[in-house]
Amino acid sequence: MNVQTHPRRPLTESAARRDAAHFINGEFVYKSASGKGYDNICPFDGSRIGFVPEAGREEVDAAVQAARAALEGPWGQMSVVERTRLLAEVAAEINRRFDDFLEAECLDTGKPMSLAAHIDIPRGAANFTMFTDVAKTIATETFPMPTPDGAGALNYGLRRPRGVIAVISPWNLPLLLMTWKVGPGLALGNTVVVKPSESTPLTATLLGEVMNKVGVPKGVYNVVHGFGGNSAGQFLTEHKGVNGVTFTGSTKSGEQIMLAAAHGIRPVSLELGGKNPGIVFADCDMDKAIEGTMRSVFANCGQVCLGTERVYVQRPVFDEFVARLKAGAEGLKLGRPEDPATGMGPLIHEVHRKKVLSYYAKAVEGGATVVTGGGVPEMPAELAGGSWVQPTIWTGLPDDHAVVTEEIFGPCCHIRPFDTEEEVIHLANNTPYGLAAAVWTENLSRAHRVAAKLEVGICWINSWFLRDLRTAFGGAKASGIGREGGVHSLEFYTEITNVCVKL
Ligand code: NAD
């Protein structure tokens, strides 16, 4: 990993400020046939980064056809050893071009470079090597069976690639979440058509250069840009040549994607929204709980699907916890991505800022105590055009208030006291969502007991966002369908054929 500590060149002068392009059959396409497209706007200062072409059905169809041809051609015939060797090269080339990826990601998202340099880009590269062992060591079941004639039969499972996979990804961790799907997809022999978020087109485009450089055959990795409904996203999920759709994004879009995939009975893997609880018991290590909750609420300006928006604190330590989280929030420095002192960047864009600020207003209308924040910070003139909001903490809202029940996806949380373990388990589970939870306690038995009762896909004890990529990742209830990660990715990215041989 090439995490550099030297001063970085200012993003105002970055070579990453350029037009995005579709990447279809190994070629960069800067203009769609329709001529449609839009400007990519930088979230920290409102400046124009470049032009993004919007794909119509024509570009989507060309990308799906290229993916199909690659599947039936060189990629489909390549040995798993050669395939995974190429993917290791992809990871190495991302690391060689670390700064290019870092600048592109920070221009698109506005997030601090210190964060992207430690999470987004290294993980984006690691996603290509992580699944190579899984691909090389796929094990399947074998069942010898008796038959009336006494000769018997032998059953065994064969896994083969699912085919052309549509990958639809969000803007909060663009490279990381996109490669989280492209990595296993390609390692297991599929080809992909990626539709990155309309707000973050750059790193998906850059990855096309990497694919060409290391010699991944044309058509294996394709990218089409554009929006969701009635645009590239919908055209891709509806395309009959797509064999499966893997999606990370909001629950609302997930429902639409599932409907589109129902035509033709295509499988989906859905990683959706959440309203994740943090549970702080009085027997916790308070320093760890504060440090972890600071990250789970405010990291990436609160735009992390796994982030905490509901914090439940046991009554004896409630006041101390609220005071210390307040101090932490007020100590966060908002600033430019390049500044190593920056602790929090802006929201992704103006539309999202309006949404987050509407919840800030609803909290006040609902009678919340605003512990800190609640508005728009004053920023220096050069950043005034960015989508900034204050880190915000509330207390005192009823459990059924929209701020406590709906995903806001901003740097904010509501903190509520509780008394008993049973009470807090009920509060934590009282939501349509079920993505993640973080539990803070030094009592070992309590930790295991509570984890087993929480209706979530991922439960952290005394940590948050600590990820072993071999483990199952995904959400319960309205937070998703299916699990990805390690061998769990086999379920979506491969199709199993049972071979029954009569002896
Ligand atoms: P979004 O649902 O608005 O968009 C995600 C992607 O889907 C974008 O590329 C968008 O263009 C596309 N899209 C939207 N509607 C579509 C449609 N009808 N057909 C095809 N494509 C469509 O989500 P967002 O605002 O980009 O991201 C934030 C959301 O993502 C939050 O709800 C967050 O919780 C969720 N998220 C979940 C995870 C997870 O792993 N569970 C991870 C990150 C983000």
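Residues numbered from 1 in each chain as written. Predicted model: local features only at pLDDT ≥ 70, side-chain atom pairs only at ≥ 80, totals over all residues. Heavy atoms only, no water.

Trainee: Give me the lowdown on the site of the ligand, citing residues and values where you can.
Mentor: Every one of the 30 residues lining the ligand counts as a neighbour, but K195, E198, S253, L272 and E407 are closest to it. Separating an oxygen atom of the ligand from a backbone N or O atom of G228 is a distance of 3.4 Å. Within the backbone of G249, one N or O atom sits 3.4 Å away from an oxygen atom of the ligand. Calculation on the ligand without its partners gives an accessible area of 850 Å², and the protein chains cover 91% of this total. A total of three residues in the shell around the ligand trace back to one element, the largest contributor, which is helix α11 (residues 251–262). Here the shell around the ligand is composed, by residue class, of 13 nonpolar, 13 polar and four charged. (Near = heavy atom within 4 Å. Polar contact = N/O pair within 3.5 Å; in protein donor to acceptor, adjacent residues only side chain to side chain. Areas by Shrake-Rupley, 256 points an atom, 1.4 Å probe, with all protein chains shown as cover. Helix = DSSP H or I, 4+ residues; strand = E, 2+ residues; numbered from the N terminus. Nonpolar A, V, L, I, M, F, W, Y, C, P; charged D, E, K, R; others polar.)

Trainee: Before we move on, can you summarise the pattern of salt bridges with the specific residues and values?
Mentor: Tallying each qualifying case throughout the model produces 35 salt bridges. With its nearest N and O atoms 2.9 Å apart, the salt bridge here joins R48 to D39. Relative accessible area serves as the criterion here: at 41%, D39 is assigned to the partly exposed category. Of the charged contacts in the structure, one is a salt bridge between E82 and R85, with a shortest N-O distance of 3.0 Å. Of the two residues, E82 and R85 are both situated in helix α3 (residues 80–96); the distance of three residues between them amounts to about one turn of the helix. (Salt bridge = Lys/Arg side-chain N within 4 Å of Asp/Glu carboxyl O. Buried < 20%, exposed > 50% of the residue type's maximum accessible area, 1.4 Å probe, protein only.)

Trainee: Give a detailed account of helix α4 (residues 98–109), specifying residues and quantitative values.
Mentor: Every α-helical turn comprises 3.6 residues, leaving residues that sit three or four positions apart pointing alike. Helix length check: α4, at 12 residues, gives a terminal C-alpha distance of 16 Å against a target of 16 Å (1.5 Å per residue), a fit within 8%. Most of α4 sits out of view: 11 of its 12 residues are buried. The set of residues buried in α4 consists of F98, D99, F101, L102, E103, A104, E105, C106, L107, D108 and T109. One or two positions beyond α4, positive phi appears at G110, with a value near 80°. (Expected span 1.5 Å × (residues − 1).)

Trainee: Mind laying out helix α8 (residues 174–187), listing which residues take part and the relevant values?
Mentor: For α8, built from 14 residues, the straight-helix expectation of 20 Å at 1.5 Å per residue is met to within 8% by its first-to-last C-alpha distance of 20 Å. Maximal helix bending in α8 amounts to about 25°, located at W180; proline P184 follows within four positions. Counting buried residues in α8 gives 14 out of 14 residues, a clear majority hidden from the surface. Once α8 ends, the next one or two residues include G189, with phi positive near 95°. (Bend = angle between axes of the 7 residues up to and from the residue.)

Trainee: Outline the sheet that holds strand β12 (residues 276–280), listing residues and values.
Mentor: A sheet is described by the order of its strands in space; here seven strands give the open sequence β14-β15-β16-β13-β12-β18-β19, paired in mixed fashion. Either end of the sheet is taken by a strand with one partner, and the two such strands are β14 (369–372) and β19 (458–461). Taken pair by pair, the neighbouring strands of this sheet meet at an average axis angle of 25°, ignoring direction. Relative to strand β15 (residues 392–395), helix α14 (residues 350–365) is tilted by about 25°, and along the sheet it contacts β14, β15 and β16 (412–418). (Pairing = 2+ DSSP bridges. Axes fitted to C-alpha atoms, helices over the stretch in contact; angles between N-to-C directions. Contact = heavy atoms within 4.5 Å.)

Trainee: Just give me the short version of the nonpolar core, but keep the residues and values in it.
Mentor: Counting residues in hydrophobic clusters, the biggest one holds 123 residues, and the most contacted among them are V90, L207, Y221, L306, F321 and I415. For this core, the leading source of residues is helix α9 (residues 202–214), giving seven residues. Looking at this core, you find at least three residues from each of domain 1 (11–272 + 479–502) and domain 2 (276–468). Look past the residues within four positions of V90 in its chain and what remains in contact with it is F128, L207, V210, M211, V214 and V216. Counting residues in each nonpolar core, the second largest holds 23 residues, with V164, V242, F247 and V268 among its members. (Core = buried A, V, L, I, M, F, W, Y, C linked by side-chain atoms within 4.5 Å. Domains from an automatic or database assignment.)

Trainee: Quick one: what's the story with the domain arrangement of the chain, residue by residue and with numbers?
Mentor: One frequent convention defines the size of an interface as the accessible area lost when the parts assemble. When its domains are assigned, the chain resolves into domain 1 (11–272 + 479–502) and domain 2 (276–468). Computed from C-alpha atoms alone, the centre-to-centre distance between domain 1 and domain 2 is 30 Å. At the boundary of domain 1 with domain 2, total buried surface from both sides reaches about 2200 Å², with 60% on carbon and sulfur atoms. In terms of surface lost to domain 2, no three residues of domain 1 exceed F44, W171 and S479, which account for 28% of the buried area on that side. Scanning the region where domain 1 abuts domain 2 turns up zero salt bridges. (Buried area = accessible area lost by both parts, 1.4 Å probe.)

Trainee: Help me get a handle on the packing of α8 against α9, residues and values and all.
Mentor: Closest axis-to-axis distance for the α8/α9 pair is 10 Å, and the angle between their directions is 40°. Comparing their axes, α9 and α8 come out oblique. Crossing hand, α8 versus α9: right-handed. Contacts from P174, L175, M178, T179 and L186 in α8 reach T203, A204, L207 and M211 in α9. In the contact of α8 with α9, the residues fall into seven nonpolar, two polar and no charged. (Parallel < 35°, antiparallel > 145°, perpendicular 65-115°, else oblique. Left-handed = near helix turned anticlockwise from the far one by under 90°.)

Trainee: Can you explain the side chain of E271? Please cite residues and give values.
Mentor: Mapped onto the elements of the fold, E271 is located in strand β11 (residues 268–271). A polar atom in the side chain of E271 sits 3.4 Å from the side chain of W180. Those residues in contact with E271 that sit more than four places away from it in its chain are W180, K181, F247, T248, G249, F473, S479 and E484.

Trainee: Describe the sheet that holds strand β22 (residues 494–502), and please don't skip the residues or the numbers.
Mentor: Across the sheet, three strands lie side by side as β5-β6-β22; this open sheet has antiparallel pairing. Because the sheet does not close on itself, it has two edges, and the strands there are β5 (142–145) and β22. With direction set aside, neighbouring strand axes in the sheet form an average angle of 25°. For β5 and strand β6 (residues 153–161), the ladder comprises four bridges, and the chain directions are antiparallel. By the bridge assignment, F143 is partnered in β6 with N155.

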